[in-house]
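Here is what each chain is made of, one letter per residue.
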Amino acid sequence: MTDHAPHLSLHAVRKAYGQTLAVAGVSLSVAKGECIALLGPSGCGKTTTLRMVAGFLTPDSGRITLAGRDITRDPPNRRNIGMVFQAYALFPHLSVAGNVGFGLEMRGVPRAEAARRVGAALEMVGLSALADRYPSQLSGGQQQRVALARALVIEPDLLLLDEPLSNLDAGLRAEMRAEIASLRRRLGITTLFVTHDQHEAMALADRIAVMSSGRIVEIGPPKALSEAPRHVFTASFLGERNVVAGRCVGGAFRADGLPPLPGAPAGATHLVLRAARLMLGLVPDAVFRLDGTITGAAFLDDILSYEVAAGPLRLSVLRPSTEPFLPIGAAVTVSAPGNALSWIIEPAQGAAA
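Residues numbered from 1 in each chain as written. Predicted model: local features only at pLDDT ≥ 70, side-chain atom pairs only at ≥ 80, totals over all residues. Heavy atoms only, no water.

1. A closer look at the sheet that holds strand β13 (residues 252–254)
And step 1. Taken in spatial order, the 3 strands line up as β12-β13-β14 in an open sheet, and their pairing is antiparallel. Strands with a single pairing partner mark the edges of an open sheet, and in this sheet they are β12 (247–249) and β14 (261–262).
And step 2. Pairing analysis gives 3 bridges linking β12 to β13, with the strands arranged antiparallel. Bridge pairing in β13 links V249 to A252. (Pairing = 2+ DSSP bridges. Helix = DSSP H or I, 4+ residues; strand = E, 2+ residues; numbered from the N terminus.)

2. Comments concerning the packing of aromatic side chains
Centre distance and the angle of the planes are the two values used to describe a pair of aromatic rings.
And step 1. Under the defined criterion, the tally for this structure stands at 5 aromatic pairs.
And step 2. On the basis of an interplanar angle of 35 degrees and a centroid distance of 6.0 Å, the ring pair of F56 and F85 is categorised as tilted. One end of the pair, F56, is in the loop between α1 (46–54) and β4 (61–66); the other, F85, is in the loop between β6 (81–84) and α2 (96–106), and 29 residues separate them in sequence.
And step 3. Judged by centre distance (4.7 Å) and plane angle (55 degrees), the rings of F91 and F102 are tilted. With F91 in the loop between β6 and α2 and F102 in helix α2, this pair connects stretches of sequence that are 11 residues apart.
And step 4. Residue classification places F102 among the partly exposed residues on the basis of a relative accessible area of 28%. (Phe/Tyr/Trp six-rings, centres within 6.5 Å; stacked < 30°, edge-to-face > 60°. Buried < 20%, exposed > 50% of the residue type's maximum accessible area, 1.4 Å probe, protein only.)

3. Focus: unusual backbone geometry
And step 1. Of note, the phi angle at A12 is positive, near 50 degrees, even though the residue is not glycine.
And step 2. Summarising the element assignment, A12 is placed in strand β1 (residues 6–17).

4. A look at helix α3 (residues 111–124)
And step 1. An ideal rise of 1.5 Å per residue puts 20 Å on 14 residues; α3 measures up with 20 Å between its terminal C-alpha atoms.
And step 2. Taken as a whole, α3 has its buried residues at A114, R117, V118, A121 and L122. Projected down its long axis, α3 shows its buried positions confined to an angular sector of 135 degrees, all on one face. Away from its buried face by more than 90 degrees, α3 exposes A112, A115 and E123.
And step 3. Against α2 and α4 (140–152) lie the buried residues of α3.
And step 4. One or two residues past the end of α3 sits G126, with phi positive at roughly 75 degrees. (Expected span 1.5 Å × (residues − 1). Arc of directions from axis to C-beta. Contact = heavy atoms within 4.5 Å.)

5. Describing the sheet that holds strand β21 (residues 341–344)
Pairing between the strands of a sheet comes from backbone hydrogen bonds, and it takes one of two forms, parallel or antiparallel.
And step 1. Strands sit in the order β11-β15-β21 across an open sheet of 3 strands; the sheet is antiparallel. Strands with a single pairing partner mark the edges of an open sheet, and in this sheet they are β11 (241–245) and β21. Shown here is a sheet whose adjacent strand axes are inclined to one another by a mean of 25 degrees, direction ignored.
And step 2. In terms of strand pairing, strand β15 (residues 270–274) meets β21 through 4 bridges, oriented antiparallel. If you follow V272 over to β21, its bridge partner there is S342. (Axes fitted to C-alpha atoms, helices over the stretch in contact; angles between N-to-C directions.)

6. Let's talk about the state of the cysteines
And step 1. Under the definition given, this model contains 0 disulfides.
And step 2. Take C35: it sits in no disulfide, and the sulfur closest to it among the cysteines is that of C44, at 16 Å.
And step 3. Classification of C35 by relative accessible area gives buried; the value is 2%. (Disulfide = S-S within 2.5 Å.)

7. So, the confidence of the model for the chain
And step 1. Across the chain, pLDDT averages 89, with 95% of residues at or above 70.
And step 2. Per-residue pLDDT stays below 50 along residues 348–353; that stretch engages in 14 contacts with residues further than four places along the chain or on separate chains. (pLDDT = per-residue confidence, 0-100.)

Structure below.
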């Protein structure tokens, strides 16, 4: 981030479709140069929120400001926002250069200046040699670069990305993720993007706003959300985590199927166990152990994924594929070192940022 003053602000923004509340009073502040990911499952309100910022939807109530100006009811062409759509939305009858320069033409930028800026934008995304090609002659990754260049060439106050990598295969997703991250850092552009892919959010965002049922339930830096989520929904949605409900009695956490765990904070309502940090076998620094039976086992490239039944609990355990593969029915001991667990003090109530 280059500045902590709010560059984009959403103030209690609300949007309903009939009786369905899509966005329920979202508030969010984004600093200049910051990248925020709206992360959540389908139907959580993230795309509706993005479309209100873009100007394609008008909030029923609330206010949106950008660079100190109220844009709540401005049409899209008066917001100076660049947007990359999920489906790219390239004009099939225009060349690569024509697509990239379309926004400049609509703004009446002189032809010589527009040509210079289009050339610079294409060089920035590595497509200078393809300026005369048409979208049908490009790969998915190349089309994504054209869409990105088109969004950036207008020198926007804000860049919006709507599921920008969802149409690419796994290899291209990783490549484009790195390229977008590099471009954003070089340009220092304020960015808001929507995704349901937590790896994408973790790799690109300075902060992640986790959304559910039209609300931001938690927001924070990727590492903080990963290491110590404060809300049950966040813990359940982000990665492979086991969330165990219980209660703290006399400084010990008690839950069905678990031995009492000392050292729990007062008011703890859930224990969160990271599947990738659980061990199969007893380790010296274990804070607890459970004996159980493997009821599910899968080989996932460099990961061994297990489900372990331990009394009433069903625990997910992820181990490196360099370890021996254990079959279904094998008796195992699950142990947890201290860095495998965190605590949730109270159920998710929603949050604003």
